[in-house]
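Each chain, letter by letter, is given below.
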Amino acid sequence: MIVMIIISGLVSGQSVWKENSFKDFADGKFLDAGSNAYVSAKGRIQMITRWDFNNDGFLDLLIPASHSHTEKENTYIYLNNGFDIDARSRIELPGAGSRDGLIIDLNKDGYNDIVIVNQFDGHNPKPPFWIYWGSDSGFSPYNRTSLPSAQGTAVAAGDFNNDSWIDLAVGCQYWGENETEDSPRRSFIYWNSPNGFTPQNKLIISLKNVGANALTAADLDYDGIDDLIFLTKENTYLLLSSRKAFDDLKNAIEIDIIGNAVATGDINNDKLIDIAICSKKGVIVIKGEQSGIYDKQKAILLKVDNPSDVVLEDVNKDGLDDVIVANLTSMGGASWTDSYVYYSDGNDFSSAKVLSLPTLGASGVSCGDLNNDCYPEIVFSNLRITNQQNLLSYIYWNDKGNLRFENHTQLPTQGSMANTIGDVNNDGLLDIAFFNDEGFFRDGPKLSYIYWGDGTRNYSFNNRTEFYTHQIFGFGHADLDDDSFVDLVLAQQNFVSNIPHTQSGLIIQWNDSGKLKNPTHLTMEFGYGGVRIADINKDGYLDILSGGRCVDLNNSDKHGFPIFWGSEKGYSFKNRTVLHFSGKSIRGQLLMDLNKDGWLDIAGQVENGKVKIW
């Protein structure tokens with residue numbers, strides 16, 4: 001672009017002031033320090049963010065896809081018809097990253113209520129847990145109670161203060177409004193009363209600064225008052241009413257077992273309560289003693305590769321509770337594996353048979369007599385197969401103690417984490433609630449689109465370009481190579497979830513005369529939270545500011561977010577500056593001249609609600 005100013009005045013004739021190179025324009029200034037305009041190395045003054053991708057004079061729309069999976073899946077309730085449970089009977093209740101729940105009558109009105117514990121809804125790290133109140137008209141989001149929680153994973157019901165009202169113990173990792181996520185974590189017992197539950201009427205439980213990831217209730221000391229088994233990421237604790245542990249947490253009994261699920265029952269018919277805990281080694285069974293002491297040294301270890309849930313129930317009606325285990329994966333990580341029924345022999349299971357039942361990434365299990373024949377059925381929640389989460393979960397029908405794969409019902413679920421059994425419609429038949437988290441395919445390619453404008457504003461799928469992407473969580477677009485065509489920059493968070501390394505970073509989709517060709521990949525730990533483009537150092541080449549996180553190549557102990565510097569040679573992940581911060585990532589970053597000194601500053605969100613300025 002050539003800028004000419006014609007000056008006339010006292011001199012005769014005309015003088016021409018002509019600037020047409022980067023060097024000529026370098027001493028100039030933009031009012032906004034160049035947040036959306038710059039002078040390229042070729043000497044062209046141009047807008048940075050442009051929406052006409054094929055230079056036909058019409059605005060085009062870029063719609064990048066984030067991920068294929070769905071979040072905040074509903075809780076599925078399947079109604080029992082007395083013969084089978086048909087998927088057509090399903091009713092749904094909103095969830096927010098559901099992990100566990102109960103069906104129980106909490107307000108003594110004769111209708112069972114539904115408790116749903118949420119871990120993470122995709123945005124809010126502290127979703128509440130909900131009580132949907134039962135009624136003659138069913139369940140509704142407009143008739144529910146929300147109670148504070150954070151990263152909830154478990155719930156147990158019991159009368160912990162002996163007032164005849166069923167209380168709720170919630171396994172969660174709560175932190176206060178003015179605290180960070182590194183602050184001590186807490187779980188709660190919400191006290192029930194004739195007036196119901198309130199956020200204020202609760203007991204806070206934090207043992208060694210962490211809350212529970214799993215828990216269950218039982219009268220372990222046989223005093224007629226429910227006690228609590230409380231599992232944290234560091235240990236197992238028994239909160240016994242006879243030791244006044246609910247009044248002083250220092251009285252909790254500590255058992256050196258780290259587990260992720262727990263259940264109680266009676267495996268030897270001695271009328272004492274036994275405990276089963278899922279651990280990394282397998283399922284640990286500790287027999288109850290009359291003294292109320294649980295001795296880890298006398299524990300029985302049942303070998304299971306990756307147990308995720310456990311229930312104790314007498315499935316063959318011999319008077320001894322058996323151990324039913326949901327097995328998430330095999331030792332090698334395959335989720336197409338078996339779950340198990342360890343039939344009790346009344347002693348140490350050494351002479352008892354083990355029944356294998358096929359499951360697909362089983363994450364939860366429950367038992368209940370669904371057809372009123374006095375034999376309990378087994379319900380498994382199937383979480384995933386590789387990263388496919390829209391699976392069928394299973395009911396294994398109990399034919400007078402005989403359980404087999406050929407006799408099972410399949411019910412659609414979406415990343416089901418757990419299930420529970422109870423009568424939700426007062427017809428005398430037990431129904432099933434599946435607590436779903438994320439659905440469909442967790443990773444994999446998903447189509448992103450460019451909708452081409454034609455001047456009519458009638459954007460159509462008949463006039464669009466589609467291309468595959470993976471987990472895009474930010475984008476920008478500008479003519480990065482100054483060839484007059486707008487290029488695309490996409491921030492890819494990951495390629496495969498839940499592995500220690502993945503393919504992540506920025507992808508530059510080069511626009512060659514309206515066609516996307518030969519992308520450049522800029523490596524990051526993970527690309528996330530937005531892309532901003534400007535000539536930050538005013539050298540005539542556009543630079544790329546990315547959200548997310550990466551390691552500083554010059555100081556591997558430091559991490560931060562990068563500026564990828566543009567140059568005559570293009571872009572490289574090695575040609576970057578990393579701005580350090582202590583948080584996990586940055587998102588929503590902006591480039592603007594905040595102090596009016598002619599240079600672009602950076603503002604970005606480093607935590608929820610907290611913005612830092614560079």
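Everything below is about the structure printed above this text.
In short, a report on the structure. (Residues numbered from 1 in each chain as written. Predicted model: local features only at pLDDT ≥ 70, side-chain atom pairs only at ≥ 80, totals over all residues. Heavy atoms only, no water.)

## Focus on the overall build of the protein
Of the regular secondary structure elements, the protein holds 1 helix and 46 strands. Taken along its principal axes, the extent of the C-alpha atoms in the protein is 115 × 50 × 45 Å. Per-residue burial over the protein gives 52% buried out of 614 residues. For the protein, the share of sequence-separated contacts (at least 6 apart) that also reach a separation of at least 24 residues comes to 47%. For the protein, the exposed surface amounts to about 28300 Å²; the carbon and sulfur share of it is 50%. Here the protein holds 51 positive side-chain charges and 80 negative ones, and the gap between their average locations is 8 Å. (Helix = DSSP H or I, 4+ residues; strand = E, 2+ residues; numbered from the N terminus. Buried < 20%, exposed > 50% of the residue type's maximum accessible area, 1.4 Å probe, protein only. Contact = heavy atoms within 4.5 Å. Areas by Shrake-Rupley, 256 points an atom, 1.4 Å probe, with all protein chains shown as cover. Lys, Arg positive; Asp, Glu negative; His and termini not counted. Charge placed at Lys NZ, Arg CZ, Asp CG, Glu CD.)

## Digging into the pairing of strand β39 (residues 515-523)
Pairing of strand β38 (residues 505-512) with β39 involves 7 bridges; the strand directions are antiparallel. What sits directly across from Trp-510, in β39, is Lys-517. Connecting β38 to the next strand, β39, in antiparallel fashion are 2 residues, including Ser-513 with a positive phi near 55°. (Pairing = 2+ DSSP bridges.)

## Here's the deal with the sheet that holds strand β11 (residues 144-147)
Pairing is antiparallel in the open sheet, where 4 strands are placed in the order β8-β9-β10-β11. One side of each edge strand has no neighbouring strand; the edge strands of this open sheet are β8 (98-104) and β11. Adjacent strand axes in the sheet meet at a mean angle of 15° when their direction is disregarded. (Axes fitted to C-alpha atoms, helices over the stretch in contact; angles between N-to-C directions.)

## Focus: the nonpolar core
Leu-480, Leu-506 and Ile-544 are the most contacted members of the largest nonpolar core, which has 33 residues in total. Those elements that place two or more of their residues in this core are β37 (487-492), β38, β40 (526-534), β41 (543-552), β42 (555-564), β43 (576-580) and β45 (601-607). Those residues within four positions of Leu-480 in sequence are excluded, and the remaining contacts are Asp-487, Val-489, Ile-508, Trp-510, Ile-533, Leu-542, Ile-544 and Tyr-571. In this structure, Phe-160, Ala-169, Leu-207 and Leu-228 belong to the second largest nonpolar core, which totals 19 residues. (Core = buried A, V, L, I, M, F, W, Y, C linked by side-chain atoms within 4.5 Å.)

## Notes on the packing of aromatic side chains
Taken as a whole and judged by the stated rule, the model has 17 aromatic pairs. Judged by centre distance (6.2 Å) and plane angle (75°), the ring pair of Tyr-394 and Phe-405 falls under edge-to-face. Here Tyr-394, found in strand β30 (residues 392-396), pairs with Phe-405, found in the loop between β30 and β31 (408-412); they are 11 residues apart in sequence, far enough to count as distant. A relative accessible area of 36% places Phe-405 in the partly exposed class. When the centroid spacing of 4.7 Å and the interplanar angle of 75° are considered together, the rings of Phe-561 and Trp-614 count as edge-to-face. Taken together, the residues Phe-561 in strand β42 and Trp-614 in the segment after β46 (610-613) connect sequence positions 53 residues apart. An aromatic cluster is present here, built from Phe-129, Tyr-174, Phe-188 and Tyr-190 joined pairwise through their rings. Residue placement shows Lys-126 over the ring face of Trp-175; its charged tip is 5.1 Å from the ring centre. Against the face of Tyr-343 rests Lys-353, its NZ or CZ located 5.0 Å from the ring centre. (Phe/Tyr/Trp six-rings, centres within 6.5 Å; stacked < 30°, edge-to-face > 60°. Lys NZ or Arg CZ within 6 Å of the ring centre and 35° of its normal.)

## So, the sheet that holds β43
Pairing is antiparallel in the open sheet, where 4 strands are placed in the order β40-β41-β42-β43. Since the sheet does not close on itself, it has two edges, and those belong to β40 and β43, each with one partner. Pairs of neighbouring strands in the sheet enclose a mean axial angle of 35°, with direction left out of account. The pairing of β41 with β42 spans 5 bridges and is antiparallel. Bridge assignment links Ile-544 to a residue of β42, and that residue is Phe-564.

## Examining a nonpolar patch on the surface
On the surface, a nonpolar cluster with roughly 510 Å² of combined accessible area is contributed by Trp-51, Leu-59, Leu-61, Ile-63, Tyr-459 and Phe-475. Its location among the elements puts Leu-59 in the loop between β4 (45-47) and β5 (61-63). (Patch = residues over 30% accessible without salt bridge, like charges linked within 9 Å, V, L, I, M, F, W, Y side chains within 5 Å. Salt bridge = Lys/Arg side-chain N within 4 Å of Asp/Glu carboxyl O.)

## Re the pattern of salt bridges
Taken as a whole and assessed by the stated rule, the structure comprises 13 salt bridges. A salt bridge links Arg-404 to Asp-399; the shortest N-O distance between them is 3.9 Å. The exposure class assigned to Asp-399 is partly exposed, which follows from its relative accessible area of 38%. The shortest N-O distance in the salt bridge between Glu-466 and Arg-464 comes to 3.8 Å. If you follow the salt bridges from partner to partner, you end up with Arg-44, Asp-479 and Asp-482 in one network.

## Concerning the environment of Tyr-394
For Tyr-394, a relative accessible area of 7% gives the class buried. Considered as a pair, Tyr-394 and Pro-358 are 36 residues apart in the sequence and their alpha carbons are 9.4 Å apart.

## So, the pairing of β41
Burial of β41 is extensive: 9 of the 10 residues sit out of reach of the surface. Sheet analysis places β40 next to β41, joined by 6 bridges and oriented antiparallel. Directly across from Arg-532, in β41, lies its bridge partner Leu-545. Count of turn residues in the β41/β42 antiparallel hairpin: 2 residues.

## Quick look at the environment of Asp-86
When you line up the elements, Asp-86 lands in the loop between β6 (75-78) and β7 (91-93). Residue classification places Asp-86 among the partly exposed positions, given a relative accessible area of 39%. Taking the C-alpha atoms as reference, Asp-86 lies 7.7 Å from Leu-411; in sequence the two are 325 residues apart. Excluding its chain neighbours within four sequence positions, the residues that come into contact with Asp-86 are Tyr-78, Leu-79 and Leu-411.

## Points about unusual backbone geometry
Phi at Asn-162 is positive, roughly 60°, even though this residue is not glycine. Looking at the secondary structure, you find Asn-162 in the loop between β12 (154-158) and β13 (167-174). Here the phi dihedral of Arg-457 falls at roughly 70°; this positive angle occurs in a residue that is not glycine. If you trace the backbone, Arg-457 turns up in the loop between β34 (446-451) and β35 (464-469). Take Arg-457: its relative accessible area is 77%, and that puts it in the exposed class.

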